[in-house]
Structures are given as structure tokens and as C-alpha cells.
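Take a look at the letters that make up each chain.
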Amino acid sequence: MAQVKLTNVKKIYGKDTVAVDEFNLEIADKEFIVFVGPSGCGKSTTLRMIAGLEEISGGTIEIDGVVVNDLQPRDRNIAMVFQNYALYPHLTVFENMAFSLRLKKVPNDIVYEKVTQAAEILGITEYLTRKPRALSGGQRQRVAIGRAMVRDSKVFLMDEPLSNLDAKLRNQMRAEIILLREKIDTTFIYVTHDQTEAMTLGDRIVIMKDGFIQQVGTPTEVFDMPINVFVAEFIGAPKMNIFKTNLICENGKYFVTPYGAKIEVTGKKAELLKEKGIGSKDIILGVRPEHFVLSNANDPKAIPCKIVVNEMMGSELHIHGIEENGDKIIVRIPTITLDDDQRKALTNGSTIYVTFESKVMHFFDADTERNLLY
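Since the model is a prediction, treat every value here as computed from it, not as a measurement.

### Description of the overall build of the protein chain
Right, so step 1: Scanning the protein chain for helices and strands turns up 10 helices and 20 strands.
Right, so step 2: Counting the 374 residues in the protein chain, one finds 48% classified as buried.
Right, so step 3: Summarising the internal contacts of the protein chain: among those between residues at least 6 apart in sequence, 67% fall at separations of at least 24.
Right, so step 4: Entry remark: accessible area of the protein chain is about 18,100 Å², with carbon and sulfur atoms responsible for 48%.
Right, so step 5: Considering the protein chain, the positive charge centre built from 46 side chains and the negative charge centre built from 50 side chains are found 4 Å apart.

### Things to note about the packing of helix 4 (residues 137-149) against helix 5 (residues 167-184)
Right, so step 1: In contact at an axis separation of 11 Å, helix 4 and helix 5 are set at 20 degrees when each is read in the N-to-C sense. Between helix 4 and helix 5, the angle is such that the two are roughly parallel. Where helix 4 crosses over helix 5, the two elements pack in a sense that is right-handed. Residues Gly 137, Gly 138, Gln 141, Arg 142, Ile 145 and Met 149 of helix 4 touch helix 5, and the partners they reach there are Leu 169, Gln 172, Met 173, Glu 176, Leu 180 and Ile 184.
Right, so step 2: Classifying every residue of the contact of helix 4 with helix 5 by side-chain character gives six nonpolar, four polar and two charged.

### Section: helix 2 (residues 93-103)
Right, so step 1: The set of residues buried in helix 2 consists of Val 93, Phe 94, Asn 96, Met 97, Ala 98, Ser 100 and Leu 101.
Right, so step 2: Buried positions along helix 2 lie against helix 3 (108-122) and helix 4.
Right, so step 3: At the C-terminal side of helix 2, Lys 105 shows a positive phi close to 60 degrees.

### Considering the pattern of salt bridges
Between side chains of opposite charge, a pair can form as their charged atoms come close.
Right, so step 1: Enumeration according to the criterion identifies 15 salt bridges in this entry.
Right, so step 2: Close ionic contact of Glu 26 with Lys 5 constitutes a salt bridge, the shortest N to O distance being 4.0 Å. Separated by 21 residues along the polypeptide, Glu 26 in strand 2 (residues 17-27) and Lys 5 in strand 1 (residues 4-13) bring together distant segments of the chain.
Right, so step 3: A residue is classified by how much of its surface remains accessible, and Glu 26, at 55% relative accessible area, is exposed.
Right, so step 4: With its nearest N and O atoms 2.5 Å apart, the salt bridge here joins Arg 204 to Glu 31.

### Things to note about the packing of helix 3 against helix 4
Right, so step 1: One way to put it is that helix 3 packs onto helix 4 with a least axis distance of 9 Å and a crossing angle of 140 degrees. Considered as vectors, helix 3 and helix 4 are oriented oblique to each other. As for how helix 3 packs across helix 4, the hand of that crossing is right-handed. The segment helix 3 lies against helix 4, with Ala 118, Ile 121 and Leu 122 engaging Arg 142, Ile 145, Gly 146 and Met 149.
Right, so step 2: The class makeup of the residues in the contact of helix 3 with helix 4 is five nonpolar, one polar and one charged.

### Re the side chain of Gln 214
Right, so step 1: Examined against the element boundaries, Gln 214 turns out to sit in strand 10 (residues 212-217).
Right, so step 2: Here the side chain of Gln 214 touches Asn 228 through a polar contact of 3.0 Å, side chain to side chain.

### Describing the pairing of strand 7 (residues 155-159)
Right, so step 1: Most of strand 7 sits out of view: five of its five residues are buried.
Right, so step 2: The alternating pattern of strand 7 places Val 155, Leu 157 and Asp 159 and Phe 156 and Met 158 on opposite faces, both of which are buried.
Right, so step 3: Direction of pairing for strand 6 (residues 78-81) relative to strand 7: parallel, over a ladder of four bridges. Paired with Ala 79 across the strands is Phe 156, a residue of strand 7.
Right, so step 4: Direction of pairing for strand 7 relative to strand 8 (residues 187-192): parallel, over a ladder of five bridges. Bridging across to strand 8, Met 158 finds its partner in Tyr 190.
Right, so step 5: Read as a crossover between parallel neighbours, the route from strand 7 over helix 5 to strand 8 is right-handed.

The rules behind the values
In this convention, every chain numbers its residues from 1, walking through the sequence in written order. Reporting in this predicted model follows two pLDDT cut-offs: at least 70 for local features of residues, and 80 or more for side-chain atom pairs to be given and counted; totals over whole chains, interfaces and linings ignore these cut-offs and use all residues. Remark: hydrogens and water are excluded; side-chain values derive from all non-hydrogen atoms of the structure. Secondary structure elements follow DSSP: runs of H or I no shorter than four residues count as helices, runs of E no shorter than two count as strands, and numbering proceeds from the N terminus. Whether a residue is buried, partly exposed or exposed follows from its accessible area with a 1.4 Å probe, protein chains only, as a fraction of its type maximum: under 20%, in between, or over 50%, in that order. Contact between two residues is taken to exist if any of their heavy atoms lie within 4.5 Å; hydrogens are not considered. Per-residue and other accessible areas were derived by the Shrake-Rupley procedure at a 1.4 Å probe size, with only the shown protein chains allowed to occlude residues. The charged-residue count follows a simple rule in which Lys and Arg add positive charge and Asp and Glu add negative charge, with His and chain termini not counted at all. Lys charges are placed at NZ, Arg charges at CZ, Asp charges at CG and Glu charges at CD. The convention used is that axes are lines fitted to C-alpha atoms, helices contributing only their stretch in contact, and that angles between N-to-C directions extend from 0 to 180 degrees. In this scheme, roughly parallel covers angles under 35 degrees and roughly antiparallel covers those over 145, while 65 to 115 is roughly perpendicular and the rest are oblique. Take the far helix as the reference: if the near one is turned anticlockwise from it by less than a right angle, the crossing is left-handed, and if turned clockwise, right-handed. Residues were grouped as follows: Ala, Val, Leu, Ile, Met, Phe, Trp, Tyr, Cys and Pro as nonpolar; Asp, Glu, Lys and Arg as charged; and all remaining residues, including Gly, as polar. Salt bridges, as used here, are contacts in which a Lys or Arg side-chain nitrogen is within 4 Å of a carboxyl oxygen on Asp or Glu. Side-chain atoms alone can form a polar contact between residues adjacent in sequence; in general such a contact is a pair of N or O atoms within 3.5 Å, and within protein one must be able to donate a hydrogen while the other accepts it. What makes two strands pair is DSSP finding at least two bridges between them. Consider the strands pointing away from the viewer: the crossover is right-handed when the path from the first strand over the helix to the second runs clockwise.

Written as C-alpha cells, this is what we have:
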């Protein structure tokens, strides 16, 4: 297996189109790391530079301590799974999986052993004699993964491998990739635009925007302590609610005042604000939709919200509302917590009152949008 190290890696197209800039990252041996971000953020370009499919414009890429900047893809000892499977339509599943071994003139008995072993792990043994056109999308993706597995590569690269699958199959394949990782135990670098995939698969997540790394951390770290507003809104579904409001420091206590409500900041968050010497100031307040709770008009901590759209998701309701000043609010409410009268009251056009506890607040600087507690 291998470590991967990227130092000041840059990719520039033409004279001045910067796709990736100052990319610095060390990936540990056998780590599963996920590059995630919106379209055009540079995540796939970075993966292709590691694979050798794109030339780098600056910096160095090391695999297992060897600088690979000038090595051809075949000499980097990596395996790659593409978004579109890239299978040969005229070859059987067996021959597709065996293709790279045939090129290396591996003996037939070893080819047979490696292919059948990979097929058994992936549950595609019964399809080995079929052509790709006779397979479903999920089965084709397993073949593509199997083709990469038989190469015994040091690094396993996956470029949005599940994006062409429907939602149900994507969930199934995500679970299978987790199990696969346990069986082949190699270094994985995985690219996706889907933050759910990133959160469930990665040991660490690299969140990118406009060619730059925004934050690197475990799924728990980036969810609980997003470094800035972009990360806060990107990680989590539906996205975090963001309010421009005031942080007030009075007699050693902290309060926030979104939309006329006055909510005290207590516990660890208040201690951290005090430790950092933060006083009264304009801030951006973040609260995730699942952290709101229903309240009533008499609660001084309550925010009135007019329901615009009520989405029934089965186990929970996604309520899209508008606050009195016209700002949008999204609230997630578990349906099991509601009685019949409450459900009937949550109709489009009605007004609800919501609030939240101190421990779920996120504080961002109004100018830089960076987390004040980071």
C-alpha cells in the first residue's frame, strides 16, 4: 500500500484559468479520503493529476515516497474507476476484468485466480461470461471496480463512480464500497459532489471550492465545526440556515438576537467565546434544520415563521418557511414527535414558532464568514 502526498499542486489551463491552486495534502497509507465540492471546484482535476491523466502546472505529487510528476499513468501503480464505467462492449465481464493482466502477460492460471476471486468478493461470479450490455448499471460498476481490484495497485482512485445510478442503487453500492474497503484494505481517493457519500465513506473529507481546499477533517469534524459559511451550508441536507444577526455580550453573558428573539448562549460555546475575547458584534448565525424545535408565540426565544412548502418525507417533515422579514428558514421535524392536531396545523400559509438550543449554534464573522470558534 502507499502514502500519497501533494505539495503546492496547481493546475492552470491556458494562460490564466486556474482550476486547482496551492493544493497541499498528505494521505496516509490505507486511508479512505474523499474529495467533495460543487461542480467545477477542481476535485476531479486533482484526481486526474494524481492518476497522471492531467499534467500538473506546479508542485509535486508523491506516491509511496516517489515523485510521480513525470511518470506515465501505467507506471504509477494506481487503479482508477471512472464515472462511465469505461468497459469494452465486445469483451465479456471476465475479459474486461482480466484486460490489464493480459497486457502484462500474466500467466493464465494467475489471471483466472485473480479475476474469480475479485468476482466472488463483488458478487458478480454468475455474470463473468456476459457482455456489459447484458448488465444493469450497478453490475457494470461492480465490473469496473473488479477490473481495478485485480491490478493489486498501491492506490485506488474513484471518480464519481455512483453518479450514474438511481438513488436506491446508489445507497446499495455505497454500502458495498464500505465493505469492499474492509476486504482489500488499500489507499482510496474518492471524488464525489454528493456530501452524503462523502460523510458515509470517508475517513477524512477534503472540501473544495473554486480550486482551493476549504477544510480537511473527519466527517464529524466538518459537520460539528465547519470552518466557514461555505462548508457549513455544503455539509448537511437540507443545508444549514444562515441568519445575519447580533452577538451581544452583557454582564459576562452572551446572547444572539435573530428576528427579535433573544437567546442566551450557554455552556461550552459561551466559554469558548469568552476564552477568545469575543465581544458584541455583528455575526452570521448558523442553525441546522434538524436542530430547530417547535415553540409558541409566548416564548421570548421563538421565531415566527410562515409555512410556504411542507414536504412529507415519511419519517420527518421538511418545512420551508419565510420569517417576517422575508428570510427563508428550513426546519426538519420528526413526524413521530407530532400528534394529529399538530400535523393538521402544519399547513401551507399557517404560522409556526420555532427556536433552538445554545449548543447547536454556529457563529461566523460577518465580514470574513469564518467560524469564530475555529
